[in-house]
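What follows is the residue order along each chain.
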Amino acid sequence: MMFQEPSFSIIIANYNYEKYVGDAIESALMQDWPSKEIIVVDDGSTDRSVEIIKGFGNKVLSFFTKNKGQREANNFGFSMSSGKIIIFLDSDDMLLQGALRKIASVWQKGVSKVQVLVQRADARGHPVGAIMPRIKGGITPQEIRKQVRIFLDYPSPPGSGNAWSRDFLEKIFPLNDKFDSSTDTTCIAMAPYYGAIITIPQPLVLYRTHGENDSNLNKKKENYSREVSRSLKRLYAIQDACLKTGYPVPKYDALFKNSHLLQLRIASLRLTPTLHPLSGDSLHRAFWDAFRIFCAPKKGEFLFGGMILIWSVLTILAPTLVAQQLIHFRFSKRILECSLLPD
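This one's a predicted model, so the numbers in the text were calculated from it and none came from an experiment.

**Section: the domain arrangement of the protein**
Here is step 1: Assigned domains of the protein: these are domain 1 (8-208) and domain 2 (250-331).
Here is step 2: Here the C-alpha centroids of domain 1 and domain 2 sit 29 Å apart.

So this is what it looks like as structure tokens:
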């Protein structure tokens, strides 16, 4: 049974994105849905963001806080919200026209989130490149549950492409510092254990790429070890969700079965081995994990798995300079698009 005109809260946490935050707010305001509120939390910006946000007047609920990071900004934004469906819209992204109406049309009781596809856009907001996540023909809630059970992940867009059930978020918010600093990392990981996930196989969000994105791993070589550290936070979130919902709790070794994390592990071990945070890990282990992951039963992923295997083996065995080029190519060209990389 569908809700009748569910209310939306669009929460925009912003920090020093004066170039983009106005577009994000405008994209929320233009949504043709009668019951919506737009909450903007400026996290201590030092650029012109505050001036731009105040320019929207009473069209939005604006709050200006000290800089504490995205997690705390979204904690606060959620505490001030009232909608039954919550969207954490990154302040450099944009909702496409009709996004709320489309999400409401598929919303059902028992859903933890509805996820949509996101279209990459350049710094000016013009659509370019890939649509994420890489889903062929859609994916059912049942298929997501099965994939989560085996691999602890599933195809998911970055944060702005997710619409969360308030009932779900109330069970896990506020997020404390045991969870990742990026809100979507935690919510994406925990959602399958609290309800069904419905996928709309249509781009309804513009995901802006401009070089300063948190997901631009090539910006600093230390970013790969940072992302591996995030996997530990994600595993904690999954274990916490399982304990609270009665699902079997995955152990530490489950991390070594994840194909995307495998690539980050290899990059971390090759570029910044002294910063690598996974105990018991090594290039030797990653080498054999690449073959085990390739042989794992993942429907319709033979070619994709083969690409991961070839890239992994070459990057492990190549001289340092060649390995650096392979890593840069893989994460700049995004030829092996991942499902759970946070913005």
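**Some remarks on unusual backbone geometry**
Here is step 1: In the segment running from M132 into P133, the intervening peptide bond is cis, with an omega of -10 degrees.
Here is step 2: With respect to the helices, strands and loops of the structure, P133 is situated in the loop between β7 (127-132) and α5 (141-151).
Here is step 3: The peptide bond linking F173 to P174 adopts the cis configuration, its omega dihedral lying at 0 degrees.
Here is step 4: Along the polypeptide, P174 turns up in the loop between α6 (166-172) and α7 (183-190).
Here is step 5: Phi at N16 is positive, roughly 55 degrees, even though this residue is not glycine.

**Considering the pairing of strand β2 (residues 36-43)**
Here is step 1: Counting buried positions along β2 yields seven of eight residues, so the element is predominantly enclosed.
Here is step 2: Where strand β1 (residues 8-14) and β2 come together, seven bridges link them in parallel fashion. Residue pairing across strands places S9 opposite E37, the latter belonging to β2.
Here is step 3: Since β1 and β2 lie parallel, the crossover through helix α1 (residues 21-29) that links them has a hand, and here it is right-handed.

**Notes on the pattern of salt bridges**
Here is step 1: The final tally for this structure, using the stated rule, is 15 salt bridges.
Here is step 2: Between R71 and E72 there is a salt bridge, with the nearest N and O atoms lying 3.8 Å from each other.
Here is step 3: Judged by its relative accessible area of 13%, R71 is buried.

**Quick notes on the UniProt feature "domain: Glycosyltransferase 2-like" (unreviewed entry) in the protein**
Here is step 1: Mapped onto the present numbering, the UniProt feature "domain: Glycosyltransferase 2-like" (unreviewed entry) falls at residues 9-118.
Here is step 2: For residues 9-118, helix accounts for 30% and strand for 30%, while the C-alpha atoms at its two ends are 19 Å apart.

**Focus on the nonpolar core**
Here is step 1: W164, L169 and I172 are the most contacted members of the largest nonpolar core, which has 58 residues in total.
Here is step 2: Per-element tally for this core: the top contributor is helix α8 (residues 223-245), with seven residues.
Here is step 3: Both domains that furnish three or more residues to this core are identified here as domain 1 (8-208) and domain 2 (250-331).
Here is step 4: Leaving out residues up to four positions away in the same chain, L169 has contacts with F78, I86, F88, W164 and C187.
Here is step 5: I12, I87, V114 and V118 belong to the second-largest nonpolar core, a separate cluster that totals 34 residues.

**Focus: the environment of Y193**
Here is step 1: Its location among the elements puts Y193 in the loop between α7 and β9 (196-208).
Here is step 2: For the pair Y193 and K244, spaced 51 residues apart in sequence, the C-alpha to C-alpha distance is 9.1 Å.
Here is step 3: In this view, Y193 contacts V148, L152, I238, A241, C242, T245 and Y247; residues no more than four positions away in its chain are not counted.

**Digging into the packing of aromatic side chains**
Here is step 1: By the definition in use, this model includes 15 aromatic pairs.
Here is step 2: Aromatic pair W311 and F331: ring centres 6.3 Å apart, planes at 85 degrees, arrangement edge-to-face. Here F331 lies in helix α12 (residues 320-333) and W311 lies in helix α11 (residues 302-317), a separation of 20 residues in the sequence. Each member of the pair, W311 as well as F331, is classed as buried.
Here is step 3: Put simply, the rings of F78, F88 and F173 touch in pairs and so form one group of aromatic residues.
Here is step 4: Its end group placed over the ring of F256, R285 keeps NZ or CZ at 3.6 Å from the ring centre.
Here is step 5: We note R330 situated over the ring of F331; from NZ or CZ to the ring centre the distance is 3.9 Å.

**Observations regarding the pairing of strand β3 (residues 61-65)**
One face of the sheet, then the other: side chains in a regular strand alternate in exactly this way.
Here is step 1: For β2 and β3, the ladder comprises five bridges, and the chain directions are parallel. Bridging from a neighbouring strand, I39 pairs with L61 of β3.

**Examining helix α3 (residues 70-79)**
Here is step 1: Residues R71, A73, N74, N75, G77 and F78 constitute the buried set of α3.
Here is step 2: As for α3, its buried residues are in contact with β1, β2, β4 (85-88), α6 and α7.

Reading guide: rules and limits
Residues numbered from 1 in each chain as written. Predicted model: local features only at pLDDT ≥ 70, side-chain atom pairs only at ≥ 80, totals over all residues. Heavy atoms only, no water. Domains from an automatic or database assignment. Helix = DSSP H or I, 4+ residues; strand = E, 2+ residues; numbered from the N terminus. Buried < 20%, exposed > 50% of the residue type's maximum accessible area, 1.4 Å probe, protein only. Pairing = 2+ DSSP bridges. Right-handed = clockwise from strand over helix to strand, strands pointing away. Salt bridge = Lys/Arg side-chain N within 4 Å of Asp/Glu carboxyl O. UniProt positions renumbered as here; feature names shortened; annotations may be inferred. Core = buried A, V, L, I, M, F, W, Y, C linked by side-chain atoms within 4.5 Å. Contact = heavy atoms within 4.5 Å. Phe/Tyr/Trp six-rings, centres within 6.5 Å; stacked < 30°, edge-to-face > 60°. Lys NZ or Arg CZ within 6 Å of the ring centre and 35° of its normal.

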